[in-house]
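Geometric and topological summary
Residues per chain, in single letters:
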Amino acid sequence: MYLQYCSSCHGREGKGDGPVSRDLKVKVPDLTGLAKKHKGSYPLDDVIATIDGRRLVRAHGDRAMPVWGEIFRSEAEGKKYPELTTLLKAKTIAEYIGTLQKK
Ligand code: HEC
């Protein structure tokens, strides 16, 4: 799922160097340093919330990253447990990004 949804911007290894990143006006963040930025502990809950994006206040205007919570929700529409599926997708991807953290 990470490769499918995220690598175009964040790069195959999460370093922020995906092919689409060159076309954006903003810099795509390197996702491999999130644990380091948080004193060595990977902020899983924050990452899930950031990916989902539906509850974040858009204080600085629209974010450059798609609101995945809306996308996953519409993909799950009409299936069983759409809201749960949406959150689990974000959680699964967030856990995967946890495995990409540099020491
Ligand atoms: C269209 C390009 C694009 C795609 C696709 C994309 N992102 Fe992002 N992402 C960004 C940008 C740009 C930011 C910086 C914040 C902003 O401007 O929206 C960001 C920020 C983030 C952050 C916050 C990083 C930090 O330093 O706090 C996380 C986590 C993240 N993205 C995860 C993901 C995941 C997971 C996916 C796939 C489900 C994904 N992104 C897909 C462009 C993208």
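Anyway, here's the lowdown on the structure attached to this text.

Remarks on the coordination of the iron atom of the ligand
By definition of the ideal shapes, four donors in a tetrahedron about a metal sit 109.5 degrees apart, and six donors in an octahedron sit 90 or 180 degrees apart. Within the protein, the iron atom of the ligand binds to His10 (NE2) and Met65 (SD); these donor distances fall in the range 2.0 Å. Geometry at the iron atom of the ligand is octahedral, judged from the six donor atoms that bind it and their angles of 83 to 180° at the metal. Residue His10 is located in helix α2 (residues 7-10), and its partner Met65 is located in the loop between α4 (44-52) and α5 (68-76); the two are separated by 55 residues in the primary sequence.

Some remarks on the site of the ligand
Taken together, 21 residues are adjacent to the ligand, and Cys6, Cys9, His10, Ala64 and Met65 come closest. Between an oxygen atom of the ligand and a side-chain N or O atom of Lys37, the distance comes to 3.3 Å. Within the backbone of Ala64, an N or O atom sits 3.0 Å from an oxygen atom of the ligand. Within the residue set of the shell around the ligand, elements represented by two or more residues are α2, α3 (34-37), α4 and α6 (82-98). Class assignment of the residues belonging to the shell around the ligand gives a composition of 16 nonpolar, three polar and two charged.

Quick look at the nonpolar core
Considering soluble globular proteins, one finds that nonpolar side chains tend to be buried as a cluster. Ranked by internal contacts, the top residues of the largest apolar core, which has 14 residues, are Tyr2, Tyr5, Ile51, Phe72, Ile93 and Ile97. With four residues, the single largest contributor to this core is α6. Those residues within four positions of Tyr2 in sequence are excluded, and the remaining contacts are Ser7, His10, Gly11, Arg12, Gly14, Leu31, Ile93, Tyr96 and Ile97.

Some points on α4
The periodicity of an α-helix, 3.6 residues per turn, causes residues three or four positions apart to be oriented the same way. Taken together, the buried positions of α4 are occupied by Val47, Ile48, Ile51 and Asp52. Buried residues in α4, looked at end-on, bunch into an arc of 130°, giving them a common side. Residues of α4 that are buried sit in contact with α3, α5 and α6. One or two residues past the end of α4 sits Gly53, with phi positive at roughly 75°.

Here's the deal with the packing of aromatic side chains
Scanning the entire structure with this criterion turns up four aromatic pairs. Through successive ring pairs, a cluster of aromatic residues spans Tyr5, Trp68 and Phe72.

Observations concerning the side chain of Ser7
Following the sequence through the fold, Ser7 ends up in helix α2. Leaving out residues up to four positions away in the same chain, Ser7 has contacts with Tyr2, Arg12, Gly18 and Pro19.

Definitions and cut-offs
- Residues numbered from 1 in each chain as written.
- Predicted model: local features only at pLDDT ≥ 70, side-chain atom pairs only at ≥ 80, totals over all residues.
- Heavy atoms only, no water.
- Donors = N, O, S within 2.8 Å, 3.2 Å for Na, K, Ca; no water.
- Tetrahedral: all angles 85-135°; square planar, octahedral: opposite > 155°, others 65-115°.
- Helix = DSSP H or I, 4+ residues; strand = E, 2+ residues; numbered from the N terminus.
- Near = heavy atom within 4 Å.
- Polar contact = N/O pair within 3.5 Å; in protein donor to acceptor, adjacent residues only side chain to side chain.
- Nonpolar A, V, L, I, M, F, W, Y, C, P; charged D, E, K, R; others polar.
- Core = buried A, V, L, I, M, F, W, Y, C linked by side-chain atoms within 4.5 Å.
- Buried < 20%, exposed > 50% of the residue type's maximum accessible area, 1.4 Å probe, protein only.
- Contact = heavy atoms within 4.5 Å.
- Arc of directions from axis to C-beta.
- Phe/Tyr/Trp six-rings, centres within 6.5 Å; stacked < 30°, edge-to-face > 60°.

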